[in-house]
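Each chain is listed here by its residues.
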Amino acid sequence: MIHTLGPESTDSYAAAKSLIKSEEDDIVAYPSFDNLIHNIELLKGEYVLFPVAFKSARREYGWKEFNYDYWDKVELVEVFQKKTKPMVLVKNKEHSENTAMIHPATTIFLKKYLESIEDPTLITYTDSKYKAWTAFCKKNLKYTIISEDVFEKERYPEHEVEERYEPVMVWCLYKII
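The present account deals with the structure reproduced in this document. As the structure is a computational prediction, the values presented were derived from the model and not from experiment. (Residues numbered from 1 in each chain as written. Predicted model: local features only at pLDDT ≥ 70, side-chain atom pairs only at ≥ 80, totals over all residues. Heavy atoms only, no water.)

**Quick word on the overall build of the chain**
Phase 1: The secondary structure content of the chain amounts to 6 helices and 10 strands.
Phase 2: Relative to the 2.2 N^0.38 estimate, which gives 16 Å for 177 residues, the radius of gyration of the chain is 17 Å and therefore close to what a compact globule would have.
Phase 3: Each principal axis of the C-alpha distribution contributes one length, and for the chain these read about 50 × 35 × 25 Å.
Phase 4: Every one of the 177 residues in the chain was classed for burial, and the buried ones make up 45%.
Phase 5: Sequence separation of at least 24 residues holds for 74% of the intrachain contacts in the chain that already meet a minimum separation of 6.
Phase 6: By element, 51% of the accessible surface of the chain is carried by carbon and sulfur atoms, the whole surface being about 9400 Å². (Helix = DSSP H or I, 4+ residues; strand = E, 2+ residues; numbered from the N terminus. Rg over C-alpha atoms; globule rule 2.2 N^0.38 Å. Buried < 20%, exposed > 50% of the residue type's maximum accessible area, 1.4 Å probe, protein only. Contact = heavy atoms within 4.5 Å. Areas by Shrake-Rupley, 256 points an atom, 1.4 Å probe, with all protein chains shown as cover.)

**Overview of the pairing of strand E1 (residues 2-5)**
Phase 1: Pairing of E1 with strand E2 (residues 27-30), which is carried by 4 bridges, proceeds in the parallel orientation. In the sheet register, Ile2 faces E2, and the bridge partner there is Ile27.
Phase 2: Traced from E1 through helix H1 (residues 11-17) to E2, the parallel crossover comes out right-handed.
Phase 3: With 2 bridges joining them, E1 and strand E3 (residues 47-51) adopt parallel strand pairing. Considered in E3, the bridge of Ile2 is made with Tyr47. (Pairing = 2+ DSSP bridges. Right-handed = clockwise from strand over helix to strand, strands pointing away.)

**Concerning helix H5 (residues 129-139)**
Side chains of residues three or four places apart in an α-helix project in the same direction, reflecting 3.6 residues per turn.
Phase 1: Buried within H5 we find Lys129, Ala132, Trp133, Ala135 and Phe136.
Phase 2: Looking one or two residues beyond H5, the residue adopting positive phi is Asn140, at roughly 60°.

**With respect to a negative patch on the surface**
Phase 1: Residues Glu23, Glu24, Asp25 and Asp26 make up a contiguous surface patch of negative charge.
Phase 2: By the element assignment, Asp25 lies in the loop between H1 and E2. (Patch = residues over 30% accessible without salt bridge, like charges linked within 9 Å, V, L, I, M, F, W, Y side chains within 5 Å. Salt bridge = Lys/Arg side-chain N within 4 Å of Asp/Glu carboxyl O. Lys, Arg positive; Asp, Glu negative; His and termini not counted. Charge placed at Lys NZ, Arg CZ, Asp CG, Glu CD.)

**What to know about the packing of aromatic side chains**
Phase 1: Applying the stated criterion across every chain, the model contains 11 aromatic pairs.
Phase 2: Among the aromatic residues, those joined into a ring-pair cluster are Phe33, Phe50, Phe54, Tyr61, Phe66, Tyr70 and Tyr174. (Phe/Tyr/Trp six-rings, centres within 6.5 Å; stacked < 30°, edge-to-face > 60°.)

**Observations regarding the sheet that holds strand E8 (residues 143-147)**
Phase 1: Across the sheet, which stays open at both edges, the 5 strands sit in the order E7-E6-E8-E5-E9 with mixed pairing between neighbours. Edge positions in the open sheet fall to strand E7 (123-125) and strand E9 (159-165), since each of these has one partner strand only. Direction aside, neighbouring strands of the sheet carry axes that sit 30° apart on average.
Phase 2: Strands in contact with H5 are strand E5 (87-92), strand E6 (100-102), E8 and E9; relative to E8, the strand with the most contacts, it is inclined by about 135°. (Axes fitted to C-alpha atoms, helices over the stretch in contact; angles between N-to-C directions.)

**Some remarks on empty space enclosed by the protein**
Phase 1: Following the criterion strictly, the structure yields 1 cavity of 30 Å³ or more and no others.
Phase 2: The wall of the largest cavity is formed by Ser32, Phe33, Asp34, Phe54, Lys55, Ser56, Ala57, His103 and Asp127.
Phase 3: Broken down by class, the residue content of the lining of the largest cavity amounts to 3 nonpolar, 3 polar and 3 charged. (1 Å grid on protein atoms, 1.4 Å probe; cavity = no way out; pocket = protein on both sides within 12 Å on 5 of 7 lines; lining within 4 Å. Points joined across faces, edges and corners; volume = space filled by probe spheres on them. Nonpolar A, V, L, I, M, F, W, Y, C, P; charged D, E, K, R; others polar.)

**Description of the sheet that holds E1**
Phase 1: Read across the sheet, 5 strands follow the order E2-E1-E3-E10-E4 without closing on themselves; strand pairing throughout is mixed. Since the sheet does not close on itself, it has two edges, and those belong to E2 and strand E4 (74-83), each with one partner. Direction aside, neighbouring strands of the sheet carry axes that sit 25° apart on average.

In structure tokens form, the structure reads like this:
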């Protein structure tokens, strides 16, 4: 079993899927990496997959902290690189709130647009790009960053792509010992 961030539309799930070698292998998707870490003691003998860009939406915690906190409870078994799914910075031309909802790991891509958001504290963070997209649509916000394939399936006429990104990510597969 490989445990990682879900749902199936996330980069983490896609990276985990690339590691599946047999029908007996399976992926367990979590609503957040925080939730996965909270349950890690129950996963002995199984695998967890983290991108090095992992950052918690709830606290100052990321891949580096995980790697150090759990150095004696995990064994790093594979490190690999894989492009993320293409992602897009989406602007809602008819927004009712001049705010953004994003995953914290994507903050770098929003930086040049921050001037158009009067108060930088109006950027809200959530556990995945997909959760950010859902909130962006529901709350009629100004900006979000989402995987391009999700945007193409669920786009609205008032949404326009400001920029497109496809960086390479480094992934770490750990075995829980």
